[in-house]
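Overview (structure and organization)
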Amino acid sequence: MTVKELAETLDLKPLAEPDTEREAKGCYAGDLLSWVMGRASADEVWVTIMTNLNIVAVATLADVSCVIVAEEAEIAADVVAKALEKGVNLYTSPLSTYALCAKLSTLV
Amino acid sequence: MLAACFTKTDCPEVVCSMADFVRLEYDIDGENFTSAGEASVKVKRSLRQMGFDPETIRKVSVSMYEGEINMVIHADGGKATVDIYDDRIVIVLADRGPGIPDIDLAMQAGYSTAPDNIRSLGFGAGMGLPNMAKYTDEMKIESEVGVGTTVTMVVKV
Ligand SMILES: Nc1ncnc2c1ncn2[C@@H]1O[C@H](COP(=O)(O)OP(=O)(O)OP(=O)(O)O)[C@@H](O)[C@H]1O
Ligand SMILES: [Mg+2]
């Protein structure tokens, strides 16, 4: 499904939506950036609790379809601005990483 | 062939555009942690413009990003040079940081000397150098304690 459909289905809170027609395929969950860089595949949904600016570079380079920040962790305005600038779809959700992944497993 | 279709006007980072390769150069700012990774993002964009396949682009981006972050976290910044040939991409990351005393140890998955404040940002898994080795066809680390480190990586197209 597209990122847009996914966001609606999971009731995600949108922070940056520069490219929502993108197809989301598969999922990777993780907070250690080098693991994500090495293991996440293109078009996957990345679920994390990390919120610093570096997640935007990692999302861009790993070419994930969107980033979902779990546990409604707070995200600074500069991170949102950077996500928009780099074309990274960025969402938050009150759900835990586990709960998000459990739902994602039947969706993407 | 490459150089002809990719000139300085397309990309300000191009420092020379010779018959058989295009060179991109970047100064990596060791002070600015939040902009770390930008050179890699620019290289990715350039490779995309030049029409490289997604797999090659991914290999170059991942390995260059890890090396770039290492220069920022462990070495106070440095210089990145990317030479793009038709059949390979050569990335050279050179810094004047503290050097790596034991390269075999540093290459081990999970080994990291990253301080706590860096770890809290999601770095310090000790997976950067292993990722670089995994995603490149050739990798060489030259390092002298107190002098600096130069990492050379080759990705074949
Ligand atoms: N350019 C460098 N200068 C000095 N030391 C370095 C440099 N690059 C790597 N190192 C040393 O090698 C260790 C391992 O590097 P590696 O990239 O694998 O892991 P890390 O940077 O600690 O964590 P991660 O990359 O997973 O975020 C580092 O912790 C550091 O001690
Ligand atoms: Mg590293």
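Right, let's walk through the structure included here. Keep in mind that this is a model prediction, so the values were computed, not measured.

This part is about the site of ligand 1. Near ligand 1 there are 21 residues, and of these B:His74, B:Ser112, B:Thr113, B:Gly124 and B:Met127 occur at the shortest range. Those chains with residues close to ligand 1 are chains A and B. Backbone polar atom of B:Gly124 to an oxygen atom of ligand 1: 2.7 Å apart, as the coordinates give it. Between an oxygen atom of ligand 1 and a main-chain N or O atom of B:Leu129, the distance comes to 2.9 Å. Surface burial for ligand 1 is 95%, taken as the share of its 600 Å² of free accessible area covered by protein chains. Taken together, the elements giving at least two residues each to the shell around ligand 1 come down to helix 3 (54-75) and helix 6 (128-135) of chain B. It is helix 3 of chain B that contributes the most residues to the shell around ligand 1, 4 residues altogether. Within the shell around ligand 1, the residues separate by chemical class into 9 nonpolar, 10 polar and 2 charged.

Calculation criteria
Residues numbered from 1 in each chain as written. Chains lettered and ligands numbered in written order. Predicted model: local features only at pLDDT ≥ 70, side-chain atom pairs only at ≥ 80, totals over all residues. Heavy atoms only, no water. Near = heavy atom within 4 Å. Polar contact = N/O pair within 3.5 Å; in protein donor to acceptor, adjacent residues only side chain to side chain. Areas by Shrake-Rupley, 256 points an atom, 1.4 Å probe, with all protein chains shown as cover. Helix = DSSP H or I, 4+ residues; strand = E, 2+ residues; numbered from the N terminus. Nonpolar A, V, L, I, M, F, W, Y, C, P; charged D, E, K, R; others polar.

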